[in-house]
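Listed below, chain by chain, are the residues.
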Amino acid sequence: METVKLLNTAKRVVIKIGSATLVDSDSGRLNTNWLRGLAVDISNIKKSDADVLIVSSGAIALGRGLLGLPKHTLSLEQSQAAAAVGQICLAQAFSEALVPHALTAAQILLTLEDSENRKRYLNGRSTFATLLAQGAVPIVNENDTVATNEIRFGDNDRLAAQVAVMTGADLLILLSDVDGYYDKNPMIHDDAQHFEFIKEITPEIEAMAGAADNYTSKGGMRTKILAAKTATSAGCTMIIAKGTDDRPISMLRSGARCTVFAAERDPQTARKHWISSMKPRGSVRVDNGARAAMQTGKSLLPAGVHSVTGEFGRGDPVEIVGPNGESLGKGLIRYTKPEALKILGHKSHEILSILGYPARAAMIHRDDMAS
């Protein structure tokens, strides 16, 4: 019942799909029927007025067959070439599966740098927000065509957790070849203990994922427990469920076995706590009108800003100061200091003519503020 409640109440769901689920290992072809069934599940989630994002592997597996590359381990260059070919097929397959449900697929390719660089992080977050507001279903994958070992997430469990954090998702579902988290590999040990609910990832729980034989996918349970730590600390509940069956989300609704990792707090609270803990690189002083607007949950627009101090870039934390010098909180600013100095006091529609290029309407978005 806990899983059903989570699915019914979630407002933003990230679903991670592995290559082994999506692509037949022998033929290298897409499991089209399985994908069509998943599209039905996605449509049902969307009908409950929730957002859905997909983190999908499979581009290299698809491209390998189309290019006639060998089944043994590929070189970096071969993997990048296979990804370039397979990514087109993957995007087309998702688009075709979602069209009958009047859903639009969008493709987003990320590297580790996109989550670690604050400017890129905020740009990516804004793109996700815009797509979701338009009802699209983002299909996310690592940008294998350009990613090297130094800038790779390395596995899509980790990428899915980062996407969940970036988008403020409240539920992450990792579709796997096993039905949850065990104290040891259930494919080898008949006495393996299954966990239905994990409230806290203790050192003992985490250690269970470290065994070399612990599960068969690329990252095994180790990457999944790391994903769980990332997601739950940011307020996102995570589920490990079996994804090889048709209609895997419907199976969860019907009571299929899985493991639920409880979120430490809700996503918004977690994000505001993160922003509050950051050291400001500068400050922005606002007028009475801006202060009143912020108190009702609105974003800070350039027109309400009187002055800025410090040295900051896009995405840096700044202190928000009221007309009398009182602290109103902190926020991640969307402009560099030179840009902010040019547009402060001006209406949002004037930004383009002042800067000479399109920019964000808000100087600090309400989702990037913490009081």
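Residues numbered from 1 in each chain as written. Predicted model: local features only at pLDDT ≥ 70, side-chain atom pairs only at ≥ 80, totals over all residues. Heavy atoms only, no water.

Draft legend 1. Seen up close, the pattern of salt bridges. If you walk through the whole model with that rule in mind, you get 15 salt bridges. Taking the shortest distance from any N to any O, the salt bridge between Lys224 and Asp157 comes out at 3.1 Å. Of this pair, Lys224 sits in helix H10 (residues 220–233) while Asp157 sits in helix H8 (residues 156–167), placing them 67 residues apart in sequence. For the pair Lys224 and Asp157, one class covers both residues: buried. Residues Arg334 and Asp368 are paired through a salt bridge, measuring 3.9 Å at the closest nitrogen-oxygen approach. Of the two residues, Arg334 sits in the loop between strand S14 (327–332) and helix H14 (337–343) while Asp368 sits in the loop between helix H15 (351–355) and strand S15 (369–370), which places them 34 residues apart along the sequence. As far as burial versus exposure is concerned, Arg334 and Asp368 are alike and both buried. Each member of the salt-bridge network shares a partner with another, and the members are Arg125, Arg271, Arg334 and Asp368. (Salt bridge = Lys/Arg side-chain N within 4 Å of Asp/Glu carboxyl O. Helix = DSSP H or I, 4+ residues; strand = E, 2+ residues; numbered from the N terminus. Buried < 20%, exposed > 50% of the residue type's maximum accessible area, 1.4 Å probe, protein only.)

Draft legend 2. The packing of H8 against H10, seen in detail. Orientation of H8 relative to H10, taken along the N-to-C sense of each, is 10°, at an axis distance of 8 Å. Taken together, the axis directions place H8 and H10 in an arrangement best described as roughly parallel. Counted together, Asp157, Ala161, Gln162 and Val165 of H8 and Gly220, Thr223, Lys224, Ala227, Thr230 and Ala231 of H10 form the full contact between these two elements. Considered class by class, the residues forming the contact of H8 with H10 number four nonpolar, four polar and two charged. (Axes fitted to C-alpha atoms, helices over the stretch in contact; angles between N-to-C directions. Parallel < 35°, antiparallel > 145°, perpendicular 65-115°, else oblique. Contact = heavy atoms within 4.5 Å. Nonpolar A, V, L, I, M, F, W, Y, C, P; charged D, E, K, R; others polar.)

Draft legend 3. Focus on the pairing of strand S11 (residues 282–286). Counting buried residues along S11, four of its five residues qualify, which places the element largely inside the surrounding structure. Here S11 runs beside strand S12 (residues 305–310); their pairing, made up of five bridges, is antiparallel. Among the inter-strand pairings, Ser283 is bridged to a residue of S12, identified as Thr309. For S11 and strand S13 (residues 317–321), the ladder comprises three bridges, and the chain directions are parallel. Across the sheet, the residue bridging to Arg285 is Val321, located in S13. (Pairing = 2+ DSSP bridges.)

Draft legend 4. Here's a closer look at the pairing of S13. Along S13, four of the five residues are buried, which leaves the element largely enclosed by surrounding structure. Bridge count between S13 and S14: five bridges; the pairing is antiparallel. In the sheet register, Val321 faces S14, and the bridge partner there is Ser327.

Draft legend 5. Structural context of the nonpolar core. Grouped together as the largest cluster of nonpolar side chains are 38 residues, with contacts concentrated most on Val14, Phe128, Val163, Leu172, Tyr181, Met238 and Phe261. Of all elements in the fold, only strand S2 (51–56), strand S3 (105–110), helix H7 (118–133), H8, strand S5 (171–176), H10 and strand S9 (237–242) reach the threshold of two or more residues within this core. Take this core: its biggest share by element is six residues, from H8. Ignoring anything within four residues of it in the chain, the contact list for Met238 reads Leu172, Leu174, Lys224, Ala227, Ala228, Thr259, Val260 and Phe261. (Core = buried A, V, L, I, M, F, W, Y, C linked by side-chain atoms within 4.5 Å.)

Draft legend 6. Local environment of unusual backbone geometry. With a phi close to 65°, Asp49 is a non-glycine residue in the positive phi region. A relative accessible area of 64% means that Asp49 is categorised as exposed. Unlike most non-glycine residues, Ala102 shows phi in positive territory, near 60°. By the secondary structure assignment, Ala102 is in the loop between helix H5 (76–98) and S3.

Draft legend 7. Summary view of the packing of aromatic side chains. Evaluation of the coordinates by the stated rule reveals two aromatic pairs. A ring pair is formed by Tyr181 and Phe195, whose centres lie 6.1 Å apart and whose planes are at 40°; its orientation type is tilted. Of the two residues, Tyr181 sits in strand S6 (residues 181–182) while Phe195 sits in strand S7 (residues 194–195), which places them 14 residues apart along the sequence. Summarising the burial analysis for this pair, Tyr181 and Phe195 share the class buried. Between Tyr181 and Phe261, the aromatic rings sit 5.8 Å apart at their centres with planes inclined by 70°, giving edge-to-face as the arrangement. Here Tyr181 is found in strand S6, whereas its partner Phe261 is found in strand S10 (residues 258–261), with 80 residues between them in sequence. Just as Tyr181 is buried, Phe261 falls in that class too. Taken together, the aromatic side chains of Tyr181, Phe195 and Phe261 make up a single cluster linked through ring pairs. (Phe/Tyr/Trp six-rings, centres within 6.5 Å; stacked < 30°, edge-to-face > 60°.)

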